[in-house]
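Topology and contacts: notes
Listed below, chain by chain, are the residues.
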Amino acid sequence: MAPRPPAELRATVLGVGAYAPPKVMTNDDLARLVDTSDEWITTRTGIKRRHIAGPDQATSDLAIVAAQQALDAAAVRAQDLDLILVGTATPDMLFPATACVLQDRLGAARAGAFDLLAACSSFVYGLISAGQMIASGVIRTALVVGADTLSRLVDWEDRGTCVLIGDGAGAVVLGSSESGRGIYTGRVGADGSAGDVLKVPAGGSRIPATAEAIERKLHRGYMDGQAVFKLAVRTIPGLIRETVAQAGWTMDQVDLIVPHQANLRIIEAMASQLHLPMEKFVVNIQEYGNTSAASVPLALFEAVQAGRIHAGDRLVLAAFGGGFTYAACALVWGT
Ligand code: UT7
């Protein structure tokens, strides 16, 4: 008998973790801050509550809880990690990277560490990037985190944005597998010409964080909500279709889609365009709002906890955000 060819090496998820800060803000709490109502927020977005970091909680403080949980679930020791990749638009500071803060706090002495900024798409971009490093044999084990504290950037007087956001973190530990399970493929994309629809203008090298910039609120997030909505609905269904085809699957073989939780109406539009029932989408926006890079791993974590994901299931993780960026990853669950 001819020897079996070696199975393809794939990165696969060994463990998942997530964390949301304990402080909860309801729609009624927001209605006391800005001119809005529970009815408007619920019908336009699907959001009922969001979790907000305490004054002493920076992004790494949320990330470390999710990371430790993912390591425990994976039965991997921090000192055995080769890489820590943190997807975030709200690092603890401009540099060093939040991944380096985590590397130190976890005691992951062997791990390389860097942050990746693709706004709300950062986690999926990171999953694809770290997954490729594993599949190509460059590294064996990676911690990929999506964590954001958008509450620190939002304009709490702007009802068009402050009602949408929440803080949180999610993490996965990736290892390698030759079982045929794991990450099949990923697609990343961007449209930099649409960068103005969602941005934080100040705090970088173009407009440093001066008193004048702060006075003009340029350190706060700006969003053209309708433009982002349209870009997402135009881009993401096609992205998911292409990713599924690139994996060699058909749409009806997909068991579950874990989408970025930006607006329930965007997820419903995706389901309708893809001719899929809403049961195939993980939705937890009602509890967390839009947690940016944390949104996909937080939804993945809750789906695992709820027993919705089984070994052998075909999943698609898909996100979009400022940039305009978008990314999707197709994977078969299990080791
Ligand atoms: O991670 C990616 C980041 N962001 C997104 O994905 C956001 C995508 N966009 C959206 O989710 C939606 O566009 C929003 C939820 C932001 C807004 O919903 P919309 O259905 O597009 O509302 P709109 O912007 O067309 O505003 C309709 C009305 C306006 O009043 P007028 O001009 O009709 O009198 C707004 O001023 O609703 C008003 N409005 C509000 N009313 C009560 C806007 N925000 C609020 C609010 N409460 N919080």
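Criteria and cut-off values
- Residues numbered from 1 in each chain as written.
- Predicted model: local features only at pLDDT ≥ 70, side-chain atom pairs only at ≥ 80, totals over all residues.
- Heavy atoms only, no water.
- Buried < 20%, exposed > 50% of the residue type's maximum accessible area, 1.4 Å probe, protein only.
- Helix = DSSP H or I, 4+ residues; strand = E, 2+ residues; numbered from the N terminus.
- Pairing = 2+ DSSP bridges.
- Expected span 1.5 Å × (residues − 1).
- Contact = heavy atoms within 4.5 Å.
- UniProt positions renumbered as here; feature names shortened; annotations may be inferred.
- Polar contact = N/O pair within 3.5 Å; in protein donor to acceptor, adjacent residues only side chain to side chain.
- Near = heavy atom within 4 Å.
- Areas by Shrake-Rupley, 256 points an atom, 1.4 Å probe, with all protein chains shown as cover.
- Domains from an automatic or database assignment.
- Core = buried A, V, L, I, M, F, W, Y, C linked by side-chain atoms within 4.5 Å.
- Axes fitted to C-alpha atoms, helices over the stretch in contact; angles between N-to-C directions.

A few words on the pairing of strand β12 (residues 314–321). Counted residue by residue, β12 has seven buried out of eight residues, so it is predominantly covered. For strand β11 (residues 256–259) and β12, the ladder comprises four bridges, and the chain directions are parallel. In the sheet register, leucine 256 faces β12, and the bridge partner there is leucine 315. As paired elements, β12 and strand β13 (residues 325–332) share eight bridges and run antiparallel to each other. Each residue of the ladder has a partner; that of leucine 315, found in β13, is leucine 331. The antiparallel pairing of β12 with β13 creates a hairpin that spans three residues between the two strands, and glycine 323 there sits at a positive phi of about 145°.

One full turn of an α-helix is made of 3.6 residues, so residues set three or four places apart face in the same direction. Taking 1.5 Å of rise per residue, 16 residues should cover 22 Å, and helix α3 (residues 59–74) covers 22 Å from first to last C-alpha, within 8% of that figure. For α3, the full list of buried residues reads Thr59, Ser60, Leu62, Ala63, Ile64, Ala66, Ala67, Ala70, Leu71 and Ala74. Looking at the packing, one finds that the buried side of α3 touches β1 (10–19), α4 (98–106), β6 (142–148) and β7 (168–177). Just downstream of α3 lies alanine 75, where phi reads positive at about 55°.

As a further point, take the UniProt feature "active site" (unreviewed entry) in the protein. In the numbering adopted here, UniProt assigns the feature "active site" (unreviewed entry) to Cys120, His260 and Asn290. With the annotated positions falling across 171 residues, the maximum pairwise C-alpha distance of 8.7 Å places them together in a single cluster. Its location among the elements puts cysteine 120 in the loop between β5 (112–116) and α5 (122–135). According to the relative accessible area criterion, cysteine 120 is buried, its value standing at 10%. The contacts of cysteine 120, once residues within four sequence positions are left out, are His260, Asn290, Ser292, Ala293, Ala319, Phe320, Gly321 and Gly322. For histidine 260, the position within the fold is in the loop between β11 and α9 (264–273). Beyond its immediate stretch of four places on either side in the chain, histidine 260 contacts Cys120, Ile267, Asn290, Ser292, Ser295, Val296, Ala318, Ala319 and Phe320. Looking at histidine 260, its side chain comes within polar contact range of the side chain of asparagine 290, at 3.5 Å.

Taken together, 23 residues are adjacent to the ligand, and Thr36, Gln226, His260, Asn263 and Asn290 come closest. Measuring from an oxygen atom of the ligand, one finds a side-chain N or O atom of arginine 44 at 2.8 Å. Contact distances for the ligand include 2.9 Å between a nitrogen atom and a backbone N or O atom of glycine 225. Surface burial for the ligand is 72%, taken as the share of its 950 Å² of free accessible area covered by protein chains. Sorting the residues of the shell around the ligand by element identifies α2 (38–45), α6 (159–162), α8 (225–246) and α9 as the ones contributing at least two each. A domain-level breakdown of the shell around the ligand finds at least three residues from each of domain 1 (10–179) and domain 2 (184–332).

Glancing now at the nonpolar core. Of all hydrophobic cores here, the largest spans 40 residues; its most connected members are Val124, Leu127, Val172, Leu174 and Leu317. The element contributing the most residues to this core is α5, with seven residues. For leucine 174, the contacting residues outside a window of four places in its chain are Thr12, Val13, Leu14, Leu127, Ala130, Gly131, Ile134, Arg140, Thr141, Ala142, Val144 and Ile183. Grouped together as the second largest cluster of nonpolar side chains are 30 residues, Val197, Ala247, Leu276 and Ala330 included.

Strands pair in a sheet through their backbones, by hydrogen bonds, and they do so in one of two ways: parallel or antiparallel. Strands sit in the order β1-β7-β6-β4-β5 across an open sheet of five strands; the sheet is mixed. At either end of the open sheet lies a strand with only one pairing partner, and these are β1 and β5. When the angles between neighbouring strand axes are averaged without regard to direction, this sheet yields 20°. Summarising the sheet, β6 and β7 pair through seven bridges and their orientation is antiparallel. By the bridge assignment for β7, valine 144 is matched with valine 172. Across the sheet, α3 is in contact with β1, β6 and β7; its angle to β1 comes to roughly 125°.

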